Amino acid sequence: MSPTVFHLIGPPGSGKRTVGLHLAALTGAVLLDNHLFRDAVYRPYGADGLRPIPPELQALGTQVWALGLQAARMAPGEVSQIFTAHHAGDAAGAAAAEQIRAVAVDRQARYVPVWLQCEVEELARRVALPDRRDRAKLRDPAQLRQVLEARGMLEPHPGALVIDTGAAPPVEAAQRIAACITS
């Protein structure tokens, strides 16, 4: 497989990490879940997925994320990567998405953008599941709705793969994504 940067984009609860784990198993790519970087500062703070993250802590998380992107650019040529992220439908969300696409460009890797979508009611059910606590992920359905209403979601790029994770199980979603690099 030539080096590939997979970019799984979706709201909290859409299954980005779960699909990413299956995709990593199928392709051998390294999973760089968004919490991998941000938890370096969220965990010491005691983030529990229920209390909002203060802006100062979000800024620290962004600094660690930027360092992670820098390290990703340094990966050997044969290493493929899977990034997961929730990008809001505003200028900041578009800029963050572009930074991940730029990693692929800088590495001269294939870029595979994937939008994972799911009905809001299903997202709300999923964010309340207990396994999200271990990763200090958003766990409050009311906060989820507030985030989605206030900032929305980045619209899919033309030609991007769009998968409804409410209908497609994680393994099937990962298989569909992996098929993009063999066609």
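Quick caveat, the model's predicted, so the values are computed rather than measured.

> Describe unusual backbone geometry, and please don't skip the residues or the numbers.
One non-glycine residue, Gln108, adopts positive backbone phi at about 55 degrees. Within the secondary structure layout, Gln108 lies in the loop between helix H4 (91-107) and strand E4 (110-117).

> Help me get a handle on the side chain of Arg132, residues and values and all.
One can find Arg132 in the loop between helix H5 (120-127) and helix H6 (141-151). Among buried charged residues, Arg132 stands out as having no salt bridge; its nearest opposite-charge side chain is Asp131, 6.4 Å away. Among all residues touching Arg132, those that are not within four sequence positions of it are Pro12, Gly13, Arg126, Val127, Lys137, Leu138 and Arg139.

> Provide a residue-level description of the pairing of strand E3 (residues 81-85), including the pertinent values.
The buried count for E3 comes to five of five residues, which makes it a mostly enclosed element. Here E3 shows no split at all, with Gln81, Phe83 and Ala85 on one side and Ile82 and Thr84 on the other all buried. Examined bridge by bridge, strand E1 (residues 4-9) and E3 share five bridges and lie parallel to one another. Counted as the bridge partner of Phe6 is Ile82 from E3.

Conventions adopted
- Residue positions are counted from 1 within each chain, in the order its sequence is given.
- Residues qualify for local features only when their pLDDT is at least 70, as the model is predicted, and side-chain atom pairs are given and counted only at 80 or more; totals for whole chains, interfaces and linings, by contrast, use all residues.
- Values reported for side chains reflect all heavy atoms of the structure, with hydrogen atoms and water molecules removed beforehand.
- A run of DSSP states H or I qualifies as a helix once it reaches four residues; a run of E qualifies as a strand once it reaches two. Both are numbered from the N-terminal end.
- Whether a residue is buried, partly exposed or exposed follows from its accessible area with a 1.4 Å probe, protein chains only, as a fraction of its type maximum: under 20%, in between, or over 50%, in that order.
- When charges are counted, Lys and Arg contribute as positive and Asp and Glu as negative, whereas His and the chain ends are disregarded.
- Every case where a carboxyl oxygen of Asp or Glu lies within 4 Å of a side-chain nitrogen of Lys or Arg is listed as a salt bridge.
- Any two residues whose heavy atoms approach within 4.5 Å at even a single point are treated as in contact.
- Strands qualify as paired when DSSP identifies two bridges or more between them.

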